[in-house]
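# Examination of the molecular architecture
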Amino acid sequence: MSTPTETFGPTPHRRWLSARGTRALSISAVAALALTACSGGPSSTNTVDNADGAKTSIEATMAFTLSSGFDPANASSAVATAANQHVFEGLIDLDPSTREPYLALAKSQPTASADGLTWTVQLRDGAKFSDGSPVTAEDVAHSFTRVLQPADPAAPPLMQGFISFIESVTAKDDTTAEFKLKSPFALFPERIAVIKIVPKAKTADAEASKAFDTAPIGSGPFKLDSASKESGLKLSKNPNYNGSKVAKVETLTLNTTTEASARVADLEGGRVQAIEQVPYLNVDSLKGKYNVEEKQAFNQVFLMFNNSAAPFNDKRVRQALHYAIDKDSVIKTALNGFGTPASSYLDEGNANYQKAATVYNYDVAKAKALLAEAGASNLKFTLDTTDNAIVKDVAPLLVEAWKAIGVTATLNTQPSSAIYGDVVPKDTFRVLAASGDPSVFGTDPDLLMRWFYHGETWPTKRYRWDEAHRTQITGLLDKAAQSTDETERKTLWKQALDIVAEEAPLYPILHTKVVTASDKTKLDGFSSAGTTGLYFLESSRKD
C-alpha cells in the first residue's frame, strides 16, 4: 500500500508517495489527468434515471484527491487504486471488502505442475476490454512482462517487487497463459491479483504507456470517462464486460476532497450516497440515520529512523522512543479511540496476525534506561512528518511524550512528495513519523512485509538498514513463500515479525480503524473496505 494507501496509506497508497511508492508524479501528468475532465465537478444532480424513474447512478465522496496516473503497473494513490478496482481485472482479484480471492479473468483456478515451478491459467470465455477488443493470453503475458522486464530497469514498476518469484510468462494459445517460476511460490493464486491485465496494443512502448496512464482501458465492469484532480472521476458501465461483477448502475461518480467537513456535508446534503474516512468526531452523530461501518485496518502510523546515523544506529535508542509513547492515550486523544496499539507489524484484524515477541508497552523507566545504556543523553533531533491528517494529530503527542524521557524533537511537517523526494534522501534525515497501508494490494504477511522490508526503496534507500538484517528478512520470507505447509509458513513469518519488532528500523506505533458511512435508504449491496477507497462492485441504487 502510504498507502496503499499514504496505502493503498503511504496513507495507504503513496498519497502521492507517502508510504508506498517510489516515484513522484510529474506535474505534466497531473495536468494531463485534469484535461480529461469533460465538465465541472461531478454532482448527484447528474443522476441518471431509467424510464420507470429508478436511479441508475451512484455518487460517493473519497477522502483524497487524484495524485497519480492509472496505469496499474505503478498506480498506488488512493483514488487511482479505487478506480482501477472497477476498471481493470486481474486473473484473480481480491474482494475489496472481504479480501477473499475470486476468479476474475481466470476461467478456473490456476493449476500447478508437480514441482510447483509451472502454473497454467485459462482465460474466461469471451472476455473483452472496454474498447471491444478481446482479452488474450498475449495480453496477460505482456501485462506481467512489462512489470518484470521494464524498458528502464533503473525505474522498475511499483508492482515488480510483489512478483519477483516469476521467471517468465508466455501465451501458449489465445486463452492459455503459462507462468514459469524461479522457485515454488505457494501463494501464487492470490498474489497474481496485484497485476491487472492491460491491452498490449495500448501499452506496447513508453509513449503508448504514457497515454494509457491518463486514459486507461480495462476489462472490468466499469470504464473511466473522465478524471480531474479538482473535481474527481466519472465512470460508466462497460457494455463489453461479461464477468461475475456486472455493474448494477449506469454511472459511478467519485468526488474527491481532503476536507472532512465537505465529505460529511455531501452525505447529509444528499449529494452522495457514501463517503470514506468519516471524521471520528462525527461518527456518533451519523449513526442511526446512516449506515456507519467501522473496520480494523492495517493502515499504520509508524516511526522510521535513519539506521545508519548515530545514535539511531543503536536499536536501544529506537526502542526507547517507542517505549516512551503512551499509545492508548495517543489513540484516545488523536483518533478519538479509533485505533489499536501496535502489538505486531500486522494489525489484529489480519487473519495471520501473530503477536510479536517485543511489544512496546508504555514504560518511561525502561525508555530512560535504554537511552542511558546507549549513551544517548540530551538527545535532540528533527521529527519529520508527512501532512496526513492523522499523522499531524499524532506527531505533537510524540514530541510531548519524548520530553518526559529527556528527548527534544522539533516538528517539520511537509507534503509526502517533499518528505520522500527531498527530506529522507539527505544525510541530515534522522526520524520520520508517517502512515502507510499496502494492504490495498493484499493482506498476506509476505506481501505486507515485502512492502517495507524488502528491496531497495525502503530498507536500503530510505531507512538505511544494514545488509545482514535485510538478507535475513528476505531469506525468511522466501522460505515461507516456498513452503506448502501452513504451519511452517506461520512459524517463519513469526520469526520475521519478531525481528522487525526487536530492531524497529521502521515500525508501527498504532493501526487505525477505517470508518465509512453510506445512506442505507438510497444504496443497496454496499460494504466498506478495511483500507482506503470506496468500492461498488456489488452495489445498486434504491428508488
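Remember, it's a predicted structure, so these values are computed and weren't measured experimentally. (Residues numbered from 1 in each chain as written. Predicted model: local features only at pLDDT ≥ 70, side-chain atom pairs only at ≥ 80, totals over all residues. Heavy atoms only, no water.)

## Considerations on the packing of aromatic side chains
A complete count under the given rule lists 26 aromatic pairs for this structure. For the ring pair W119 and F188, a centre distance of 4.5 Å and an interplane angle of 20° mean the geometry is stacked. Note that W119 is positioned in strand β5 (residues 118-122) and F188 in helix α4 (residues 188-191), a separation of 69 residues in sequence. As far as the burial class goes, W119 and F188 line up, both buried. Counting every residue linked through ring pairs, the aromatic cluster contains F298, F302, Y345, Y420, F452, Y453, W458, Y463 and W465. Note that K245 overlies the ring of Y102, its terminal NZ or CZ placed 4.4 Å from the centroid. The ring of W458 carries the charged tip of R462 above its face, separated from the ring centre by 4.3 Å. (Phe/Tyr/Trp six-rings, centres within 6.5 Å; stacked < 30°, edge-to-face > 60°. Helix = DSSP H or I, 4+ residues; strand = E, 2+ residues; numbered from the N terminus. Buried < 20%, exposed > 50% of the residue type's maximum accessible area, 1.4 Å probe, protein only. Lys NZ or Arg CZ within 6 Å of the ring centre and 35° of its normal.)

## Concerning helix α13 (residues 445-453)
Burial runs high along α13: nine of the nine residues are buried. The N-cap residue of α13 is D444: its side-chain oxygen and the backbone nitrogen of D446 are 3.1 Å apart. One or two residues past the end of α13 sits G455, with phi positive at roughly 90°. (Polar contact = N/O pair within 3.5 Å; in protein donor to acceptor, adjacent residues only side chain to side chain.)

## Examining the pattern of salt bridges
Tallied over the entire structure, the rule returns 24 salt bridges. Across the pair K315 and E502 runs a salt bridge, and its minimum N-O distance is 2.9 Å. Linking K315 in helix α8 (residues 315-323) with E502 in helix α16 (residues 486-503), this pair joins segments that are 187 residues apart in sequence. Of the charged contacts in the structure, one is a salt bridge between D478 and R450, with a shortest N-O distance of 2.7 Å. Pair noted here: D478 is in helix α15 (residues 467-482) and R450 is in helix α13, with a separation of 28 residues, a long-range link. (Salt bridge = Lys/Arg side-chain N within 4 Å of Asp/Glu carboxyl O.)

## Comments concerning empty space enclosed by the protein
Gaps left between atoms show up when a probe the size of a water molecule is rolled over them. Computed from the structure, the largest cavity encloses a volume of approximately 280 Å³. Lining of the largest cavity is provided by 18 residues; of these, T81, Q85, K196, V440 and F441 occupy positions nearest its centre. At the level of elements, α2 (78-87) and β2 (92-94) are the ones that each hand at least two residues to the lining of the largest cavity. The dominant element in the lining of the largest cavity, judged by the number of residues it contributes, is α2, at three residues. Here the lining of the largest cavity is composed, by residue class, of 11 nonpolar, four polar and three charged. (1 Å grid on protein atoms, 1.4 Å probe; cavity = no way out; pocket = protein on both sides within 12 Å on 5 of 7 lines; lining within 4 Å. Points joined across faces, edges and corners; volume = space filled by probe spheres on them. Nonpolar A, V, L, I, M, F, W, Y, C, P; charged D, E, K, R; others polar.)

## Topic: the environment of K245
Within the secondary structure, K245 is located in the loop between β9 (232-237) and β10 (251-256). Classification of K245 by relative accessible area gives buried; the value is 13%. On a C-alpha basis, the gap between K245 and F536 in space is 9.7 Å, while along the polypeptide they are 291 residues apart. Not counting chain neighbours up to four residues away, the residues in contact with K245 comprise D95, Y102, P221, L537 and E538. (Contact = heavy atoms within 4.5 Å.)

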